[in-house]
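Chain residues, written in single-letter form:
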Amino acid sequence: MMFTEEYDVIVVGAGHAGCEAAAAAANMGCKTLLATMNLQTIGQMSCNPAMGGIAKGQIVREIDALGGYSGIVTDCTMIQHKMLNMSKGPAMWSPRAQSDRMRFSEKWRLTLESIPNLDFYQEMVSALLFDQNNKINGVVTSLGVEIKSKSVILTNGTFLNGLIHVGDKQRGGGRMGETAAKGITEQLVKLGFEAGRMKTGTPPRVDGRSLDYSKMIEQPGDENPQKFSFTETPKLENQRSCWMTYTSPKVHEILRSGFDRSPMFNGTIQSTGPRYCPSIEDKINRFSERERHQLFVEPEGWDTIEIYVNGFSTSLPEDVQIKALREVPGFENAKIFRPGYAIEYDYFPPTQLKHTLETKLVENLYFAGQINGTTGYEEAACQGLMAGINAALKVQGKDEFILKRNEAYIGVLIDDLITKGTEEPYRMFTSRAEFRILLRQDNADERLTPLGYDLGLASQERLDRMHQKYERTADLIKFIKETSILPEEANPIIETKGGSPLSQSMKMDNVVKRPEIRLDDLKNLKSFNKYFEENTFDEEAWQQAEIQIKYEGYIKKEEDNASKLNRLEYVKIPEDFDYMSVQSISMEGRQKLQKIKPATIAQASRISGVSPSDVSILLIHLGR
């Protein structure tokens, strides 16, 4: 036999979910195997060359705080950084980075190869092995190689029976130029799993030398670019600009001319695509009243000439794509490297999972990433991390690790998936998190690094760094709350900001709480000069102090609401509870509860179709 030893964890697929899953399991002491069809595409950015964005940036910081690698890899390979939503409150601030596609993948591979407990194998996994008790026992490759394992994590992305569409042409594949994965879906459906189909797409890539940037609007990075990782990663000194341009009625007219050959409109594609990242043909069809749509022209790296045309995702015939694209300002002479395409693939509705991402039907089998109906690198990566953690813990006979909705966006995402399911590719937004004031990108380390340390993923150095940051923050807040500011000091600053002047001295924190005042506005006061003589200025502590003072009331209110919710999280429901026997619960409620089998009363209350009165009846039956 080629493999004589049994692994603790086998991870199938080496995309963003697979990379984080394999790293987590191996770093927690498990003998881990990462099986992929192509070792050259580990950590591949299949679509846009960017990480983060609205709510997604918070997820990357949470992954980093727990001890994952997505933030570190991004920091080491980014070519531009922006903090989005800075005109709004800090709960909405979201970091986003343009990445060097080739270096991103290379950094992931080198990172994984440095982990001692992690092995690699290049071949398609075509089947799963089970023991007599229907418990996972390993995998089988397309060449018939059997590899035994105590647990398996499937992170197949878009490869399960993947079908690529360009106009009226179709070919099997998980990405352009790569074959689809066959066999696993059929095997799982025979076991009783429910499967479905979803669609995603990607735009054409073009030769940057053929574009006229003088006709576009430059989109530079931030003047003071920040980072994703809370560790000592390199600071971004130089940046590459992105550019913005627009479609036009002429572009839309050309695109419509190809609708009769579009797989989206001629019935070839039946599956559901991402609502919040629609194809260009979907946009001009759904929003026919709009005369133009934004396109973002994004470089693929430091040295390459390849350009990603964000906003022009399409599966139209290639001749229509190039004809329409050349009507876009700046693209008159565009040369296409490769056309855009749509891809259909299998997924498994995530209501079939536990909070640990273990399947309910098969013990020790975990799903993470697009196999669960999500879209996006960040959503996939955090699921991979959580599946890797929980597979390792179960193999080691330890308690499961679950993040609650008030602890992390990761907790919101997983709870949404397994409680509500999804019929379209799920994307995270800040609006999905009811406790988003608590779940800011700036405090992910405070929320999660102690948990990551307890798991063995976050180092002692990370934990010490986090404690030092918040000790400095506490000292600064104490100083601000205890220091008075005189009217003659404050009023010149307040009046330039359009605020009402002070009539008497006031504690500095009350001035900071004014909406028009920033802590930076007070930095040059004599009081701060004296403070900085004794303390080094710390940008992270400075930002934390301002947020905690300015939003103190809102933070306290959300903490109280979260505390109330958590009481219901501790009311467990037995796995074998017979909901259909409780006649006083509505029929819809019983059916939904029986299907989802919620683990707690809090989860039951979030199921669509389960009313507050149904929850009250459940509490009575549980003796509460």
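Computed from a predicted structure; not experimentally measured.

(A) Up close: the sheet that holds strand β12 (residues 196-202). An order of β11-β10-β19-β12 is seen for the four strands of this open sheet, with the pairing classed as antiparallel. Strands at the two margins of the open sheet, each flanked by one partner only, are β11 (169-172) and β12. Strand-to-strand, the axes of this sheet are offset by a mean angle of 25 degrees, without reference to chain direction. With seven bridges joining them, β12 and strand β19 (residues 341-347) adopt antiparallel strand pairing. Across the sheet, residue R197 finds its bridge partner in β19, namely D346.

(B) Region of the structure containing unusual backbone geometry. Unusually for a residue other than glycine, N134 sits at a positive phi of about 65 degrees. Here N134 shows up in the loop between β7 (125-130) and β8 (136-141). Assessed through its relative accessible area of 29%, N134 is described here as partly exposed. A positive phi angle is found at K597, which is not glycine, with a value near 50 degrees. Turning to its location among the elements, K597 is positioned in the loop between α18 (587-596) and α19 (601-605). Among the residues examined, K597 registers a relative accessible area of 37% and is labelled partly exposed.

(C) Spotlight on the environment of Q504. Relative to the elements of secondary structure, Q504 occurs in the loop between α13 (487-496) and β22 (506-507). Judged by its relative accessible area of 55%, Q504 falls in the exposed class.

(D) Layout of the packing of helix α2 (residues 56-66) against helix α10 (residues 409-420). Orientation of α2 relative to α10, taken along the N-to-C sense of each, is 110 degrees, at an axis distance of 9 Å. Considering their axes alone, α2 and α10 lie roughly perpendicular with respect to each other. Note on element contacts: α10 touches α2 through Y409, I410 and L413, opposite Q58, I59, E62, I63 and L66.

(E) Summary view of helix α4 (residues 101-113). With 13 residues, α4 should reach 18 Å at 1.5 Å per residue; the first-to-last C-alpha distance of 19 Å fits that figure. Taken together, the buried positions of α4 are occupied by R101, F104, S105, W108, T111 and L112. Within α4, the buried residues cover an arc of 130 degrees as seen down the axis, which keeps them to one side. Exposed and facing more than 90 degrees away from the buried side of α4 are M102 and L110. Sitting at the amino-terminal end of α4 is D100, which places a side-chain oxygen 3.3 Å from the backbone nitrogen of M102.

(F) Fine view of the packing of helix α11 (residues 444-455) against helix α12 (residues 460-482). The N-to-C vectors of α11 and α12 enclose an angle of 150 degrees; their axes lie 10 Å apart at closest approach. One element, α11, and the other, α12, form an angle in the roughly antiparallel class. Judged by the twist between their axes, the crossing of α11 over α12 is left-handed. Seen from α11, the contacting residues are D445, E446, T449, P450 and Y453; seen from α12, they are Q460, R462, L463, M466, K469 and Y470.

(G) Quick look at the environment of L84. Its location among the elements puts L84 in strand β4 (residues 78-84). Put simply, L84 and R96 are 12 residues apart on the chain and 7.0 Å apart in space, counted from C-alpha to C-alpha. For L84, the contacting residues outside a window of four places in its chain are G53, I54, M92, W93, S94 and R96.

(H) Region of the structure containing the pattern of salt bridges. By the definition in use, this model includes 44 salt bridges. A salt bridge links K481 to E552; the shortest N-O distance between them is 2.9 Å. With K481 in helix α12 and E552 in helix α17 (residues 552-569), the pair connects residues that are 71 residues apart, well separated along the chain. D521 is the salt-bridge partner of K497, the closest N and O atoms lying 3.4 Å from each other. Placement of K497 in the loop between α13 and β22 and of D521 in the loop between α14 (508-512) and α15 (526-534) is noted, with a sequence separation of 24 residues between them. Assessed through its relative accessible area of 39%, K497 is described here as partly exposed. Residue classification places D521 among the partly exposed positions, given a relative accessible area of 22%.

The rules behind each value
- Every chain is numbered independently, its residues counted from 1 as its sequence is written.
- This being a predicted model, a pLDDT of at least 70 is required before a residue's local features are given, and a value of 80 or more before pairs of side-chain atoms are given or counted; all residues contribute to the totals for chains, interfaces and linings.
- The basis for the side-chain values is all heavy atoms of the structure; hydrogens and waters are excluded.
- Any two strands are treated as partners once DSSP identifies two or more bridges connecting them.
- Where helices and strands are cited, they refer to DSSP runs of H or I of at least four residues and of E of at least two residues respectively, numbered from the N terminus.
- To get an axis, fit a line to the C-alpha atoms, keeping to the stretch in contact for a helix; angles then go from 0 to 180 degrees between the N-to-C directions.
- Throughout, exposure labels follow a simple rule: accessible area from a 1.4 Å probe, protein chains only, divided by the maximum for the residue type, with under 20% read as buried, over 50% as exposed, and the rest as partly exposed.
- Note on angle classes: values under 35 degrees are labelled roughly parallel, values over 145 roughly antiparallel, values of 65 to 115 roughly perpendicular, and the remainder oblique.
- By definition, residues are in contact when any of their heavy atoms lie within 4.5 Å.
- Helix span is expected to be 1.5 Å times the residue number reduced by one.
- Directions pointing from the helix axis toward each C-beta atom define the arc.
- Whenever two N or O atoms come within 3.5 Å, that pair is a polar contact, provided that in protein one can donate a hydrogen and the other can accept it, and provided that, for residues adjacent in sequence, both atoms are side-chain atoms.
- Crossings are classed by handedness, with left-handed meaning an anticlockwise turn of the near helix from the far one by less than a right angle and right-handed meaning a clockwise turn.
- The working definition used for a salt bridge is a side-chain nitrogen of Lys or Arg within 4 Å of a carboxyl oxygen of Asp or Glu.

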